[in-house]
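Examining the three-dimensional arrangement
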Amino acid sequence: MRNLDQHTITAAVHERFANTPDARLKKILHSLVQHLHDFAREVELTEAEWMQGIEFLTATGHMSDAKRQEFILLSDTLGLSMLTVAMNQQKPAGCTEATVFGPFHVADAPQYAHGEDVANGAVGVPCLVRGSVQGLQGEPIANALIDVWQADADGKYDVQYTGQQEQRARGVLRSGADGRFHFKSIVANAYPIPDDGPVGSMLRATKRHSWRPAHLHFMIEAPGYETLVTHVFRKGDVYLDSDAVFGVRQSLVADWVQQQDGSYSLDFDFVLNPIAKSAATPVK
Ligand code: BEZ
Ligand code: FE
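Before going into details, it helps to say that this report is about the structure given with it. (Residues numbered from 1 in each chain as written. Chains lettered and ligands numbered in written order. Predicted model: local features only at pLDDT ≥ 70, side-chain atom pairs only at ≥ 80, totals over all residues. Heavy atoms only, no water.)

1. Points about the overall build of the chain
Looking only at helices and strands, the chain has 6 helices and 11 strands in total. Principal-axis analysis of the C-alpha atoms places the extent of the chain at approximately 75 × 55 × 35 Å. Long-range pairs, those at least 24 residues apart, make up 71% of the contacts in the chain with a sequence separation of at least 6. Counting only carbon and sulfur atoms, one obtains 55% of the accessible surface of the chain, whose full area is about 16500 Å². (Helix = DSSP H or I, 4+ residues; strand = E, 2+ residues; numbered from the N terminus. Contact = heavy atoms within 4.5 Å. Areas by Shrake-Rupley, 256 points an atom, 1.4 Å probe, with all protein chains shown as cover.)

2. A short note on the site of ligand 1
Close to ligand 1 lie Leu73, Asp76, Gly102, Pro103, Phe104, Tyr157, Tyr191, Ile193, Arg212, His215, His217 and Val245, which account for all nearby residues. Measuring from an oxygen atom of ligand 1, one finds a side-chain N or O atom of Arg212 at 2.5 Å. A distance of 3.0 Å is found between an oxygen atom of ligand 1 and a side-chain nitrogen or oxygen belonging to His215. Here ligand 1, which alone exposes 260 Å², has 100% of that area covered by the protein. A breakdown of the residues in the shell around ligand 1 according to their chemical character gives 7 nonpolar, 3 polar and 2 charged. (Near = heavy atom within 4 Å. Polar contact = N/O pair within 3.5 Å; in protein donor to acceptor, adjacent residues only side chain to side chain. Nonpolar A, V, L, I, M, F, W, Y, C, P; charged D, E, K, R; others polar.)

3. Quick word on the packing of aromatic side chains
Counted by the stated rule, this structure contains 10 aromatic pairs. Look at Trp211 and Tyr239: their rings are 5.3 Å apart centre to centre, the planes differ by 10 degrees, and that puts the pair in the stacked class. Highlighted residues: Trp211 in strand E6 (residues 211–212) and Tyr239 in the loop between strand E8 (228–234) and strand E9 (253–254), separated in sequence by 28 residues. Three or more aromatic residues joined by ring pairs make a cluster, and in this case those are Phe181, Phe183, Phe218, Phe268 and Phe270. Taking the ring centre of Tyr264 as reference, the NZ or CZ of Arg234 above it sits at 5.3 Å. (Phe/Tyr/Trp six-rings, centres within 6.5 Å; stacked < 30°, edge-to-face > 60°. Lys NZ or Arg CZ within 6 Å of the ring centre and 35° of its normal.)

4. Observations concerning the coordination of the iron ion (ligand 2)
Each protein donor to the iron ion (ligand 2) is listed here as Tyr157 (OH), Tyr191 (OH), His215 (NE2) and His217 (NE2); together their distances run 1.9 to 2.1 Å. Coordination at the iron ion (ligand 2) is irregular: its 6 donor atoms span angles of 54 to 166 degrees at the metal. Mapped onto the polypeptide sequence, the residues donating to the iron ion (ligand 2) form the spacing pattern Y-x33-Y-x23-H-x1-H. Separated by 60 residues along the polypeptide, Tyr157 in the loop between strand E2 (145–149) and strand E3 (170–174) and His217 in strand E7 (residues 215–221) bring together distant segments of the chain. (Donors = N, O, S within 2.8 Å, 3.2 Å for Na, K, Ca; no water. Tetrahedral: all angles 85-135°; square planar, octahedral: opposite > 155°, others 65-115°.)

5. Brief notes about the sheet that holds E8
Strands in a sheet are paired, the pairing made by backbone hydrogen bonds, and the direction either parallel or antiparallel. The strand order E3-E2-E7-E8-E9 describes an open sheet built from 5 strands, whose pairing is mixed. Here the strands that pair on one side only, and so sit at the sheet edges, are E3 and E9. Two elements, E2 and E3, share 5 bridges in a ladder whose sense is antiparallel. Residue pairing across strands places Asp147 opposite Val172, the latter belonging to E3. (Pairing = 2+ DSSP bridges.)

6. Considering the side chain of Thr99
Position of Thr99 relative to the elements: it lies in the loop between helix H5 (80–88) and strand E1 (126–134). Among the polar contacts made by the side chain of Thr99, one reaches the main-chain carbonyl oxygen of Gly247 at a distance of 2.7 Å. Setting aside anything within four residues of it in sequence, one finds Thr99 in contact with Met82, Val85, Val229, Thr230, His231, Phe233, Gly247 and Leu252.

7. Quick notes on the nonpolar core
Counting 45 residues, the largest nonpolar core has Phe181, Phe218 and Trp256 as its most contacted members. With residues up to four places along the chain from it excluded, the contact list for Trp256 reads Cys127, Val187, Ala188, Leu216, Val232, Phe233, Arg234, Tyr264, Ser265 and Leu266. (Core = buried A, V, L, I, M, F, W, Y, C linked by side-chain atoms within 4.5 Å. Buried < 20%, exposed > 50% of the residue type's maximum accessible area, 1.4 Å probe, protein only.)

8. Points about the environment of Val229
Tracing the sequence through the fold places Val229 in strand E8. By relative accessible area, Val229 is classed as buried at 18%. C-alpha separation for the pair Val229 and Phe246, spaced 17 residues apart in sequence, amounts to 15 Å. In contact with Val229, not counting residues within four places along its chain, are Ala98, Thr99, Val100, Phe101, Phe218 and Met219.

Honestly, it's all geometry; don't read function into it.
Take a look at the structure:
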């Protein structure tokens, strides 16, 4: 194949991938090439702009390590992460909706009993969190694994403090026999996503802000149910309609209620989606 031009090169690249044995990989590459080429043609991409794009992606890679995933941040701020969640996490009415996972989850967080304080020294206004884990028919789900993590009053997760070893404002607990749980923590505040890298440059160049509305992260696992990755967002937050990563769902917005002593309480019930029987491993 020679003398390819802007009209014929796309078909030539498709043909080069034609022998890809994995049908899914073949479909993804075909579509990727088609959209990339169409994009370049549509915006009439110059060579200087192409190089700028390469440099941007290179900087994104250089910014990424075990603690900082700038590519996920890029996906988040382009709406790709939430689009993927929205497509793959469609649940029956009545189930708690999912949202983005975010980069600040830590596996094997400390375990807590009901009523204990997961803040563990993180700064913030005290808050009592109460809730339940149920199935779609309202059946209590006992012993569900509830993983919770949040930023402190300064808008930072423990992992964002250099040198801090202790895990703060995160923990794992189990629902009781009645599906209920409660723990102490601190009030969630709005915070900016890390903006000292290429993604921050993109946000500034496009006059976008980097803020996420106040939220508490939850990941809830129970046998026989789909794992739920979600947040509870704080009602009244000014960033609910302009979340930098497009993650807000109205059904996840809840009231943090101020108590007489100045502390807060939050109540939220989670409804998990049962794993479809047909999807279960057949009994032999
Ligand atoms: C978070 O909520 O922790 C988060 C999500 C996406 C990007 C950055 C932070
Ligand atoms: Fe967060």
